[in-house]
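Report on the structure
Read off the chains here:
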Amino acid sequence: MSKAIIEHAVASEVFNKDEPYVNWHDETLWFVRQKRDKSSKQLPEWEQLREAASGIKNYVLSHMDELLVSFEQKAKENGVHVHWAADAAEHNEIVLGLLRQHQIGKMVKSKSMLTEECHMNEFLIRNGIDVIDTDLGERIVQLRNEPPSHIVLPAIHLKKKDIGDLFHEFLGTEAGATDPQYLTEAARQHLRDKFMTRRAALTGVNFAIAETGGFVVATNEGNADMGAHLADIHIASMGFEKIIPKQEHLAVFLRLLARSATGQPITTYSSHFKKAREGQEMHIIIVDNGRTTQLGRPDFRNSLKCIRCGACMNTCPVYRRSGGHSYHNAVAGPIGSILAPNLDMTKNADLPFASTLCGSCSNVCPVKIDIHEQLYKWRQVLVKAGYVPQVKGIGVKAMSIVLSQPRFYQWSGRLGRSVMRTIPFVVNNSLNPWYKQRDMPEPPKESFRDWYVRNRKE
Ligand code: SF4
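Residues numbered from 1 in each chain as written. Predicted model: local features only at pLDDT ≥ 70, side-chain atom pairs only at ≥ 80, totals over all residues. Heavy atoms only, no water.

1. What to know about the environment of Ile307
Here Ile307 shows up in the loop between helix H13 (291-295) and helix H14 (311-315). Ile307 has contacts with Lys57, Phe207, Phe253, Leu257, Pro366 and Val367, leaving out every residue within four places of it along the chain. (Helix = DSSP H or I, 4+ residues; strand = E, 2+ residues; numbered from the N terminus. Contact = heavy atoms within 4.5 Å.)

Structure representation (structure tokens):
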């Protein structure tokens, strides 16, 4: 049974109850953003790289069909089995079918936001498959039975102590241990056994190359390689937007990806896969799951350029102070709030409003997606289509009446100042969310307009 969705604003309020923790979360992500800044400034050609990446992705968006068909053909020539999945359910059934066909009941998996989007783990576990996440952060959240809170740093919402307690409970580490090296070594030993005993491995795909039929998986831990090399069957799941035309384009994206994500010049492992080794099977599942619909929305198709670096989350003041789980979507933060309404407007109508529209996300995006403009456009679409609570629409209509009639505006200002002075509880009360974490300002004696008119006469 699916859990009831808690709106972003409500979930954020809960997250914000522990102020020192929120400050820590905010500073931790800002630290990653600063690393990105330092790293990108070391490349004089940074802006040209962004421009090039954006241009290549624009080409991809307008040649998607040709590129995917070419990729399929080349991959098949390489001996790879290619599957197409129209939606999450089809993707999950394909994975389950392959495992059943090989009588495999256990699988290791490296980081793949697509499988989070498809809720694949829950599906496979319901069908008797033991799925183990092998990315350290993913394994941590899996042991806690919660989703990742960030697309690159899945357990960024947890402190060392939380992980020490978790490993003590599940991996038998010493009680109270918080030393990262000790905890990481315990996770390493725990995962080593899983790698050695699983016959199937699933990886994500960062870039799929139409020209060669090969694909690249970027990790910092080498867990994708370990899983794929030891398994009898390697399944790679990719959203179809991961396609790039040529091998030479990889250089542009790999230089941008790690710098934007964590400030590293390059991910520790950028592993190239092309064909199965002898005795192994390799499968690629190309997934749509709403991407064709998004491609057909002129205002939002650019969001398919995303290379999932997470930079827009690290810089977003709302994400940093509300946490990834408040977004109730596999991909949180600014880009997730553009992708989610495309999948389900009813469930995700709140997300485009979880933004100050400051534009910092668009400024850092390595593929130059106009993120904040798309968030603003989604708001208009959702309001017009009636997915937003009526009270919001009434408020906006009332403001439009006030702001379009100067006399009414002046009168409302006078009334507002007088109410704030004489009966402040009408404005500042527990029903008004604006004042939950703010002090009410002293109302000015006169409006700027009155002051201006008076001084201009003088
Ligand atoms: S939208 Fe841009 S900044 Fe955000 S994750 Fe995607 S590529 Fe990175």
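What follows picks up the thread again.
2. Here we look at the site of the ligand
Neighbouring the ligand are 13 residues; Cys306, Cys309, Gly310, Cys312 and Cys365 lie closest to it. Counted by class, the shell around the ligand contains 11 nonpolar, 1 polar and 1 charged residues. (Near = heavy atom within 4 Å. Nonpolar A, V, L, I, M, F, W, Y, C, P; charged D, E, K, R; others polar.)

3. With respect to the sheet that holds strand E7 (residues 233-239)
Consider a sheet: its strands pair through backbone hydrogen bonds, and that pairing is either parallel or antiparallel. Strand order across the open sheet formed by 6 strands is E1-E10-E7-E4-E2-E3, with parallel pairing between neighbours. Two strands bound the open sheet, and with one partner strand each, they are strand E1 (81-85) and strand E3 (130-133). For this sheet the average axis-to-axis angle between neighbouring strands, irrespective of direction, equals 20 degrees. Two elements, strand E4 (residues 200-203) and E7, share 4 bridges in a ladder whose sense is parallel. Bridging across to E7, Thr203 finds its partner in Ala236. This element, helix H4 (residues 64-77), spans E1, E7 and strand E10 (281-287) of the sheet and lies at about 150 degrees to E1. Sheet strands in contact with helix H8 (residues 136-143) are strand E2 (106-109) and E3, and its direction is about 130 degrees off that of E3. (Pairing = 2+ DSSP bridges. Axes fitted to C-alpha atoms, helices over the stretch in contact; angles between N-to-C directions.)

4. Comments concerning a nonpolar patch on the surface
Where nonpolar side chains cluster on the molecular surface, the patch consists of Ile401, Phe408, Trp411 and Leu415 and spans about 380 Å² of accessible area. Per element, the largest residue contribution to the nonpolar patch is 3 residues, and it comes from helix H21 (residues 406-422). (Patch = residues over 30% accessible without salt bridge, like charges linked within 9 Å, V, L, I, M, F, W, Y side chains within 5 Å. Areas by Shrake-Rupley, 256 points an atom, 1.4 Å probe, with all protein chains shown as cover. Salt bridge = Lys/Arg side-chain N within 4 Å of Asp/Glu carboxyl O.)

5. Some remarks on the domain arrangement of the protein
When its domains are assigned, the protein resolves into domain 1 (43-289), domain 2 (303-384) and domain 3 (391-457). A separation of 30 Å is found between the C-alpha centroids of domain 2 and domain 3. (Domains from an automatic or database assignment.)

6. So, the packing of aromatic side chains
The final tally for this structure, using the stated rule, is 9 aromatic pairs. Their ring planes at 10 degrees and their centres at 4.2 Å tell us that Phe300 and Trp378 sit as a pair that is stacked. Here the residue Phe300 occupies a position in the loop between H13 and H14, and Trp378 occupies one in helix H19 (residues 371-384), the gap between them amounting to 78 residues. An aromatic cluster of at least three residues, connected via ring pairs, comprises Phe15, Tyr21 and Trp24. One cation-aromatic arrangement involves Lys57 over Phe253; the distance from NZ or CZ to the ring centre is 5.5 Å. (Phe/Tyr/Trp six-rings, centres within 6.5 Å; stacked < 30°, edge-to-face > 60°. Lys NZ or Arg CZ within 6 Å of the ring centre and 35° of its normal.)

7. Here's the deal with the sheet that holds strand E8 (residues 243-244)
One open sheet holds the 4 strands; their spatial order is E8-E5-E6-E9, and the pairing between them is mixed. With partners counted over all chains shown, the strands left at the sheet margins are E8 and strand E9 (269-273), one partner each. Of the pairings in the sheet, the one linking strand E5 (residues 207-209) to E8 comprises 2 bridges and is parallel in character. When the bridges of E8 are listed, Ile209 appears paired with Ile244.

8. Description of the packing of helix H20 (residues 390-404) against H21
Across the interface, H20 lies against H21 with an axial gap of 5 Å and an inter-helix angle of 110 degrees. Considering their axes alone, H20 and H21 lie roughly perpendicular with respect to each other. Residues Ile401, Val402, Leu403 and Ser404 of H20 form the contact with H21, whose participating residues are Pro406, Phe408, Tyr409 and Ser412. Across the contact of H20 with H21, the residue classes tally to 6 nonpolar, 2 polar and no charged. (Parallel < 35°, antiparallel > 145°, perpendicular 65-115°, else oblique.)

9. Here's the deal with unusual backbone geometry
At His119, a position not held by glycine, the phi torsion is positive, near 50 degrees. With respect to the helices and strands, His119 occurs in the loop between helix H6 (113-117) and helix H7 (120-126). For Asn145, which is not a glycine, the phi torsion comes out positive at approximately 60 degrees. Among the structural elements, Asn145 can be located in the loop between H8 and helix H9 (160-171).

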